[in-house]
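Chain by chain, the residues run as shown.
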Amino acid sequence: MSVVDVSLVIVNWNTRDDLRTCLRSVFDETKDVSIEVFVVDNASADGSAQMVRSEFPAVTLVANDTNRGFAAANNQGLARAAGRYALLLNPDTSVVDGAIGRTVRIADADTGIGVLGCQVLLDEHEIQPTCFRFSSAFDEFLINTGLDRLVPASWFGGGPGMRTWDRRSARDVEVVSGMYMLVRREAMAEVGVMDDAYFVYAEEADWCFRFKKAGWRCAFTPEARIFHHDGGGKSTSQIRAKMYVQLQKSILIFHRKNLGWASFAAVKSVYVVTNAVRVALFGLESVFAAGARAKARCAWAALAYQLCGVEPAR
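Calculation rules
Residues numbered from 1 in each chain as written. Predicted model: local features only at pLDDT ≥ 70, side-chain atom pairs only at ≥ 80, totals over all residues. Heavy atoms only, no water. Helix = DSSP H or I, 4+ residues; strand = E, 2+ residues; numbered from the N terminus. Rg over C-alpha atoms; globule rule 2.2 N^0.38 Å. Buried < 20%, exposed > 50% of the residue type's maximum accessible area, 1.4 Å probe, protein only. Contact = heavy atoms within 4.5 Å. Lys, Arg positive; Asp, Glu negative; His and termini not counted. Charge placed at Lys NZ, Arg CZ, Asp CG, Glu CD. Pairing = 2+ DSSP bridges. Axes fitted to C-alpha atoms, helices over the stretch in contact; angles between N-to-C directions. Parallel < 35°, antiparallel > 145°, perpendicular 65-115°, else oblique. Left-handed = near helix turned anticlockwise from the far one by under 90°. Expected span 1.5 Å × (residues − 1). Salt bridge = Lys/Arg side-chain N within 4 Å of Asp/Glu carboxyl O.

Colleague: Even after reading the chapter, I still don't get the overall build of the protein, so can you show me in this structure?
Modeller: For the protein, the helix and strand inventory stands at 11 helices and nine strands. In terms of overall size, the protein behaves like a compact globule, its C-alpha atoms giving a radius of gyration of 20 Å where 314 residues would be expected to give roughly 20 Å. With the principal axes as the frame, the protein shows a C-alpha extent of 65 × 40 × 40 Å. In the protein, which comprises 314 residues, the share counted as buried stands at 53%. For the protein, the share of sequence-separated contacts (at least 6 apart) that also reach a separation of at least 24 residues comes to 78%. Separation of charge centres in the protein, based on 35 positive and 35 negative side chains, amounts to 5 Å.

What follows is the structure, encoded as structure tokens:
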């Protein structure tokens, strides 16, 4: 029986045209390693599933009746994966220069790597910052008060975004971004799949936390590259208030699960206070500027969740 090198799992929600471009790039740019491709569609309304069926017969489609979230959908694909590696890939990306084969060769040469990420380009010249540090309560305080933009990048190691690192050099990292995440089968067999308590956001941080706890390294290489066609995130930007709440919810899950109740309580306190301030400031600003209303709605939705556990429908 032939061995598959890489099992690709692409989770899609209403990004049909980007998904088509992504799949074409995968097949065009992957000639030196064997692959199988799974698309898990989270109940898209834009014809994504039909497009995959008609245009990519080699792809295994898993069409969900509801949006199960990023982690749960990836787990559906991972459950079927037979490859020596699994690769989580965003649908709004394009593989270039044989990136999949390049990362496989790097991982094959260094068996201590459990998870490997690659360089992400927004255009021919701009590199998107990917791969980060684990969140801390202090980091959340800096980010949510805006102080992270005021302190020098060299302070606190550049913050969770590692601002002092230009992503042009290989290094070990704490969190490999889920946009391109090559995972060794042996590491996954030891650690398990993603925690589907995370609907979206922070699931890759939680997974990397578990890999590192088990002794596997998480690493980044600039020797393989992909293009990211949507730096703002098309899927998540379709329902901004809901996703803003999900971001805070997921970070709280991460802190409670991995860093303890004290860290959880500290982050929750930061969210309550900063969301309340945002509600007041953006509410006042919206009287004079219509553009502030969306920000006020996001802040109000987040505050309602933090105080009452109520999540917005959209």
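Having seen the structure, we can now continue with the description.
Colleague: What should I look at first to understand unusual backbone geometry in this one?
Modeller: Most peptide bonds adopt trans geometry, and most residues besides glycine take a negative phi value. The phi dihedral of Ala43 is positive, around 60°, even though this residue is not glycine. Considering the arrangement of structural elements, one finds Ala43 in the loop between β2 (35-42) and α2 (48-55). Although it is not a glycine, Met162 adopts a positive phi angle of roughly 50°. Note that Met162 resides in the loop between α5 (137-145) and β7 (171-172).

Colleague: Any chance you could explain the pairing of strand β6 (residues 113-121) here in plain terms?
Modeller: Within a regular beta strand, the side chains point alternately toward one face of the sheet and then the other, so they alternate between its two faces. Of all nine residues in β6, nine are buried, a share of seventy percent or more. As paired elements, β6 and strand β9 (residues 217-228) share eight bridges and run parallel to each other. If you follow Leu121 over to β9, its bridge partner there is Phe227. Across two bridges, β6 lies against strand β8 (residues 180-184) in antiparallel orientation. The partner of Leu116 across the bridge, within β8, is Leu182.

Colleague: Any chance you could explain the packing of helix α1 (residues 16-29) against α2 here in plain terms?
Modeller: Running from N to C, α1 and α2 point in directions that differ by 30°, and their axes come no closer than 9 Å. Between α1 and α2, the angle falls in the class roughly parallel. Read as a crossing pair, α1 and α2 show a hand that is right-handed. Of the residues in α2, those touching α1 at Arg16, Leu19, Arg20, Leu23 and Arg24 are Ser48, Met51, Val52 and Glu55.

Colleague: Would you mind showing me how to read helix α9 (residues 240-259) here?
Modeller: Between the first and last C-alpha of α9 there are 27 Å, a value that for 20 residues agrees with the 28 Å anticipated at 1.5 Å per step. Just beyond α9, the residue with positive phi is Gly260, at close to 100°.

Colleague: Any chance you could explain the pattern of salt bridges here in plain terms?
Modeller: It is possible for side chains bearing opposite charge to pair when their charged atoms get close. This model, assessed by the stated rule, comprises 15 salt bridges. Residue Asp32 pairs with Arg105 through a salt bridge whose shortest N-O separation is 2.5 Å. With a gap of 73 residues between them, Asp32 in the loop between α1 and β2 and Arg105 in helix α4 (residues 99-109) connect regions that are remote in the sequence. With relative accessibility at 44%, the residue Asp32 sits in the partly exposed group. Among the charged side chains, a network of salt bridges with common partners joins Arg16, Asp17, Arg20, Arg24 and Glu55.

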